[in-house]
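The primary structure of each chain is shown beneath.
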Amino acid sequence: MTSSNDRILMVLDSLRTGGTETYVLSMGKALRKKGVQLFYAGGNGPFYQEFVDAGFLVEPIESAREPLSARRQHLIECYRACMKKHRITIVHVHQTPSGFLAATAANELGIPVVFTLHGTYYPKDEAIKVAQLCSAVISVSKPVQLFWQKRGVRTTLISNGIDMEEFQSGSASRADVPSLPPDATVVTYVSRLAWQKATVCNMVLRATKTLRNEIPNLHIVVVGSGAQAIHVHELAKVLNKAAAQPYIHIVGEQTDVRPYYAISDLVIGTGRVALEAMACGKPVLAIGNHGYVGLVEPSSYDLAWDCYFGDHSSVQKPSPSLIDSALRQACSDRSHLKEIGGKGRAWVQNHFHITQKCTSLLTIYAQIKNGGGGDKHEKNIVRWLVRIQQFGRRADVACILQFVVQIPRSYTIQGNTFPARG
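These figures come from a predicted structure and were not determined experimentally.

(A) Main features of the state of the cysteines. Per the counting criterion, the structure on display carries zero disulfides. Here Cys 82 is not disulfide-linked; the sulfur of Cys 78 is the nearest cysteine sulfur, at 9.3 Å. The class for Cys 82 is buried, based on a relative accessible area of 4%.

(B) Fine view of the nonpolar core. Of all hydrophobic cores here, the largest spans 36 residues; its most connected members are Tyr 261, Phe 309 and Val 348. Only strand 8 (185-190), strand 9 (218-223), helix 9 (258-262), helix 10 (271-279), strand 12 (284-287), helix 11 (301-307) and helix 13 (334-351) provide two or more residues apiece to this core. Take this core: its biggest share by element is six residues, from helix 10. Setting aside chain neighbours within four positions, we find Tyr 261 in contact with Phe 167, Val 190, Val 267, Val 273, Glu 276, Ala 277, Cys 280 and Lys 282.

(C) Representation of the sheet that holds strand 9. Within the open sheet, the six strands sit side by side as 10-9-8-11-12-13. Their pairing is mixed. Looking at which strands have only one partner, the edges of the open sheet turn out to be strand 10 (248-252) and strand 13 (292-295). The average angle at which neighbouring strand axes cross in this sheet is 15°, direction not considered. Sheet topology note: the strand 12/strand 13 ladder contains three bridges and is antiparallel.

(D) Spotlight on the packing of aromatic side chains. Inspection of the entire model under this criterion finds 13 aromatic pairs. Between Tyr 122 and Trp 148 the ring centres are 6.3 Å apart and the planes differ by 70°, which places this aromatic pair in the edge-to-face class. Residue Tyr 122 is located in the loop between strand 5 (113-117) and helix 5 (124-132), and its partner Trp 148 is located in helix 6 (residues 142-149); the two are separated by 26 residues in the primary sequence. Residue Tyr 122 shares its accessibility class with Trp 148, and that shared class is buried.

(E) Main features of the sheet that holds strand 4 (residues 90-93). A sheet is described by the order of its strands in space; here seven strands give the open sequence 3-2-1-4-5-6-7, paired in parallel fashion. With partners counted over all chains shown, the strands left at the sheet margins are strand 3 (56-60) and strand 7 (156-157), one partner each. Helix 4 (residues 98-109) rests against strand 1 (7-12), strand 4 and strand 5 of the sheet, and its axis sits at about 165° to strand 4. Contacting strand 4, strand 5 and strand 6 (136-139), helix 5 runs over the sheet at an angle of about 150° to strand 5.

Criteria and cut-off values
- Residues numbered from 1 in each chain as written.
- Predicted model: local features only at pLDDT ≥ 70, side-chain atom pairs only at ≥ 80, totals over all residues.
- Heavy atoms only, no water.
- Disulfide = S-S within 2.5 Å.
- Buried < 20%, exposed > 50% of the residue type's maximum accessible area, 1.4 Å probe, protein only.
- Core = buried A, V, L, I, M, F, W, Y, C linked by side-chain atoms within 4.5 Å.
- Helix = DSSP H or I, 4+ residues; strand = E, 2+ residues; numbered from the N terminus.
- Contact = heavy atoms within 4.5 Å.
- Pairing = 2+ DSSP bridges.
- Axes fitted to C-alpha atoms, helices over the stretch in contact; angles between N-to-C directions.
- Phe/Tyr/Trp six-rings, centres within 6.5 Å; stacked < 30°, edge-to-face > 60°.

Have a look at this one:
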């Protein structure tokens, strides 16, 4: 187990309000309770104050306006300076390219690195390069672990953890949404409005055209923003105009989603959103980037977890008619929805409590500090290769040979053999 002397640097591309950033924030709060000193380096964003309030010492590192090669070296130097300044003992990265830059700097300083893979969306070559620089790699779900295992990256499974005190019924005041009747049946869609998730949001909105004939007091709240938000706004405007009333409410990006869970009869989401909503006692219709899973209830808990609530795997592709049918059935009995929500909280409490996940992460930290994160010779070889890659054409032949002559004809990392020279 780590001690209060540990100084952990979390690295992200930015502090935007996504699932990965929320994971780091939530885990950071749990680590602080264990006495760990926390630091953050990376791009800035809306979550800045939340990270500061959680106990992170935040060091924003922004890209300089320089050519790519010079910018890369500048950023590596910034990460290296941050690690030296704060006497960092472990670096924990979560994304690329920030993860590669920070891991490179950490390797040069001999600081162990952990990489958490939050999905299958990473550019494969980039993710594998980062993994090769790390002492330990973590996956947040079974499908993610299997995906990267097939690509030669071995990982430890540690899922998202939820603070059950922070996320519970009554933990936050109810959101004040203009034009939302107090007796409305509220379905809330929470997601970044980009990629397939924005398409799913549009499907949900289209499904309400016919659904409102049977549930006339149905209202939809959309929480999130992203590259395709403008298309969601346009569709909502058209549907509200056709209904002659504003029944679709788009509230944009929120740093605290709990007030919107509080007003919901049903939450549509995936991944961490699903777990947070269930912790708040809300039923969840699981639909994500990968596809449709359905209403999450006791009979489908194992399926939902195996698919990570539709984000990393799914049962089938979503469609407006499929979503219409699911919402029609779910909203037909609001008392049953409340019952499902109560059971969901108990399940999350037993399987996804933040304290459990924090303990698992601290075990990983302790192992790599004690040299248990892999063969030291292998890690030195990777460090040499990274430095050779950095030298590029700017290095003279003698400088490159200084490293090459020390490298065997092949090397093995995480069970894979790679040619190194000749």
